[in-house]
Amino acid sequence: MSLIEVRNLTKRFPIRGGVLNRVINHVHAVSDISFEIASGETLGVVGESGCGKSTLGKTMIRLLEPTAGLVAYEGEQITGLNHSEMMPYRRKMQIIFQDPYSSLNPRLTVSATLKEAIKLHRVLGDGDSMDDYIDTLMRQVGLRPDDKRKFPHEFSGGQRQRIGIARALCVRPTFIVADEPVSALDVSIQAQVLNLMKDLKDELGLTMMFISHDLKVVEHFCDRVLVMYLGHVVEELPTDNLDRDAEHPYTKALLGANPIDDPDDRRPLTVLQGDVPSPINPPAGCAFAGRCELATDRCKVERPVLERKESGRMVACHEVA
């Protein structure tokens, strides 16, 4: 059985205007997305900025309330649960935020930040030592136990993100949404944080959703990837060999934009023309049709659904066999 099951998940943000502040339109951030995550799996989610990746992750764990659809955790539906009913699942599902500079309370020490979550979710028993537990967490994420007495401004960006990882782990979750956890860090620090997360995932048996815009990172870190464009999943495929397996024109364009390891191994660069359509007024047909070299008249009026093609891959494209 899957740990996480998502069915027809949709999230729209209302746009209000006028004297009466009425809803005049919506931003279509996530549109009718369905997938599953197996226990122990790392699922990658990639796409351009604004495609709905972060909104998808936050809606799954109900930091944002879904407009429609359902999310099930270990077979139990969590959409529609009230605050007290949701509390056990808050502990099981945690998030690592993108920006380590704004996600930590500057007025709290590391120790106070961790204690807040540990006490709220009653992680420790009566005889357990809070200080010993926090010291263990600090060592797990590569920091010194004495660092727990410091404030966030006393740390570098990479160290702050390690504190963010410790905060997510301190309630002993089973599922973590990692929302572009290294995009705000220097390149020299990114690999250290990624390797730390990979080691912790294996050590603790975690299940993860890893959100990124870098397919190279996803290929290294994840088992499977969802490719998103304007709130829709356009392709779902394993990460064993993305260059070979990618079939959707958008996925191929993302791969073509990645830096190459060998300067002599050059390949034709696919440059996308045009702009991403507005999420306020998305097109009736395929959202990618205006930028796709394979687009036909059908693509402009009929939105393709994610379906299994002859190759066995899940692709949302009329022109991919």
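Refer to the structure above for everything that follows.
The rules we used
- Residues numbered from 1 in each chain as written.
- Predicted model: local features only at pLDDT ≥ 70, side-chain atom pairs only at ≥ 80, totals over all residues.
- Heavy atoms only, no water.
- Pairing = 2+ DSSP bridges.
- Helix = DSSP H or I, 4+ residues; strand = E, 2+ residues; numbered from the N terminus.
- Contact = heavy atoms within 4.5 Å.
- Axes fitted to C-alpha atoms, helices over the stretch in contact; angles between N-to-C directions.
- Core = buried A, V, L, I, M, F, W, Y, C linked by side-chain atoms within 4.5 Å.
- Buried < 20%, exposed > 50% of the residue type's maximum accessible area, 1.4 Å probe, protein only.
- Parallel < 35°, antiparallel > 145°, perpendicular 65-115°, else oblique.
- Left-handed = near helix turned anticlockwise from the far one by under 90°.
- Nonpolar A, V, L, I, M, F, W, Y, C, P; charged D, E, K, R; others polar.

Asker: Quick question: what am I supposed to make of the sheet that holds strand S10 (residues 232–238) here?
Answerer: The pairing of strands in a sheet comes from backbone hydrogen bonds and takes either a parallel or an antiparallel form. One open sheet accounts for 8 strands, arranged S6-S7-S8-S3-S9-S10-S12-S11; its pairing is mixed. Single-partner strands in this sheet number two, and they are strand S6 (93–96) and strand S11 (307–308). Strand direction decides the pairing type here: strand S9 (residues 224–229) and S10, joined by 6 bridges, are antiparallel. If you follow tyrosine 229 over to S10, its bridge partner there is histidine 232. On top of the sheet, helix H2 (residues 83–92) reaches S6 and strand S7 (175–179); it is set at about 50 degrees to S6, its chief contact.

Asker: How do you make sense of the nonpolar core when you look at a structure like this?
Answerer: The nonpolar side chains of a soluble globular protein tend to be buried, and buried together. Core analysis: the largest hydrophobic core is formed by 58 residues, its most contacted members being Leu114, Ile118, Ile165, Met197 and Phe210. Residue contacts for isoleucine 165: discarding those within four places in its chain leaves Ile96, Val141, Val193, Leu196, Met197 and Leu200.

Asker: Please explain the packing of helix H3 (residues 110–120) against helix H4 (residues 130–140) as it appears in this structure.
Answerer: Axis separation between H3 and H4 bottoms out at 11 Å; the angle between their running directions is 110 degrees. By the angle class used here, H3 and H4 are roughly perpendicular. Our pair here, H3 against H4, has a crossing hand that is right-handed. For the pair H3 and H4, contact is made by Val110, Ser111, Leu114, Lys115, Ile118 and Lys119 and by Met130, Asp131, Tyr133, Ile134, Leu137 and Met138, respectively. Residues belonging to the contact of H3 with H4 are distributed by class as follows: 8 nonpolar, 1 polar and 3 charged.

Keep in mind these values describe shape, not function.
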